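Each chain, letter by letter, is given below.
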Amino acid sequence: MQKNIFPSAFMDLNSYLGAIENFLQKSTYGTQPAELYEPIRYIMNLGGKRLRPVLVLLGYEIFDENWQRVVPASVAVEVFHNFTLMHDDIMDKAPLRRNHATVHTKWNENIAILSGDVMLVKAYEILLQGVEDRFLRSALQKFSRCATWVCEGQQWDMNFETRNNVSITEYLEMIRLKTAVLLGFALELGAMLAGANEVEQEKIRLIGENMGMGFQLKDDLLDVYGNPEKFGKQVGGDIIANKKTYLLIEALQNAQNEIKTELLNWLSVKEFNPQEKVQAVTAIYNQLGMREKTETIIQNYFQKAFDSLAEIQATENAKEKLRNFMTWLIERES
């Protein structure tokens, strides 16, 4: 069972988690062949922060207090998200997910691909069951649009691996597609199912996107500066893989002379001690003030979300829950 991840002051958010986990524990995906369905149960039981389904419930409660009605729809978004993680881990050759072996490591890549495919189908199936008929067409259209954007973002991310001239603008658009749009859709879906009009849905979607941008940039920061015991993934993994992140792109643009030479050298070497590389590149980031620059842009995106939330016509109690959620995202260590 998922433990409460929000501070005790945010017990309403933990109530969301309890309802989400209760639904997940009752969910069945299939039984045979076992190799197809066991990886799905495995990744769904690894827990995680359940940010996206929580956002569906938050988006709903801003306009209607009976959020329990849309728990199934919120879980559809979580199943889709975990499908993307399963496939992303294969492409990234990631050994760990939430402090456990990734699916392709525990089984193999072919099983992870096929199990992920089934998860995508199941996400649509759960959404079909969890959305009222009057909202279904719009929900499916927006879900499909969002899913396509996520795939576009992943492809750009892979394209960047072989490019040496990725700009900050390109990177920010990539993470908008790969990460932020799903957080935006989660809030939008909740608002839609609560009967919000198209203008309100668009406003809350953009709140989610700005929140998602800050969230992913915080992930970039934690990959370098996070506590390994709390982060849940390999700290320094982006550095080891030469992954284009905000920190690396900004460092390449700002580094000069010996510092730039050293950074480019670490990016070019094929054989190296991973720990040594992580320490060396982190030291370069420290010299260039990358931690502070990244924290500033994170705060800017979250402030946009806070400012937009203030303009939403809803009860202060409902909006306060979303503010608490965003505050927790800013301060998180994992």
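Residues numbered from 1 in each chain as written. Predicted model: local features only at pLDDT ≥ 70, side-chain atom pairs only at ≥ 80, totals over all residues. Heavy atoms only, no water.

Novice: Describe the nonpolar core, with residues and values.
Specialist: Counting residues in hydrophobic clusters, the biggest one holds 109 residues, and the most contacted among them are Met211, Tyr285, Leu322 and Phe325. Element by element, the count of residues in this core is highest for helix 8 (residues 168–193), at 16 residues. (Core = buried A, V, L, I, M, F, W, Y, C linked by side-chain atoms within 4.5 Å. Buried < 20%, exposed > 50% of the residue type's maximum accessible area, 1.4 Å probe, protein only. Helix = DSSP H or I, 4+ residues; strand = E, 2+ residues; numbered from the N terminus.)

Novice: Just give me the short version of the packing of aromatic side chains, but keep the residues and values in it.
Specialist: For the structure on display, the rule yields 8 aromatic pairs. Measuring from centroid to centroid gives 4.8 Å for Tyr16 and Trp67, while their planes differ by 80°, and the two rings are edge-to-face. You can see Tyr16 sitting in helix 1 (residues 11–26) and its partner Trp67 sitting in the loop between helix 3 (51–61) and helix 4 (71–92), a full 51 residues away along the chain. Exposure class is identical for Tyr16 and Trp67. Each is buried. A ring pair is formed by Tyr124 and Phe143, whose centres lie 4.9 Å apart and whose planes are at 50°; its orientation type is tilted. Note that Tyr124 is positioned in helix 6 (residues 109–130) and Phe143 in helix 7 (residues 133–160), a separation of 19 residues in sequence. Exposure remark for Tyr124: the relative accessible area of 25% places this residue in the partly exposed category. Given a relative accessible area of 1%, Phe143 falls into the buried group. Taken together, the ring pairs connect Phe80, Phe83, Tyr124, Phe143 and Phe185 into an aromatic cluster. Above the face of the Trp107 ring, Lys106 is positioned so that its terminal group lies 5.6 Å from the ring centre. It is Arg176 that lies over the ring of Trp149; its NZ or CZ is 5.9 Å from the centre. (Phe/Tyr/Trp six-rings, centres within 6.5 Å; stacked < 30°, edge-to-face > 60°. Lys NZ or Arg CZ within 6 Å of the ring centre and 35° of its normal.)

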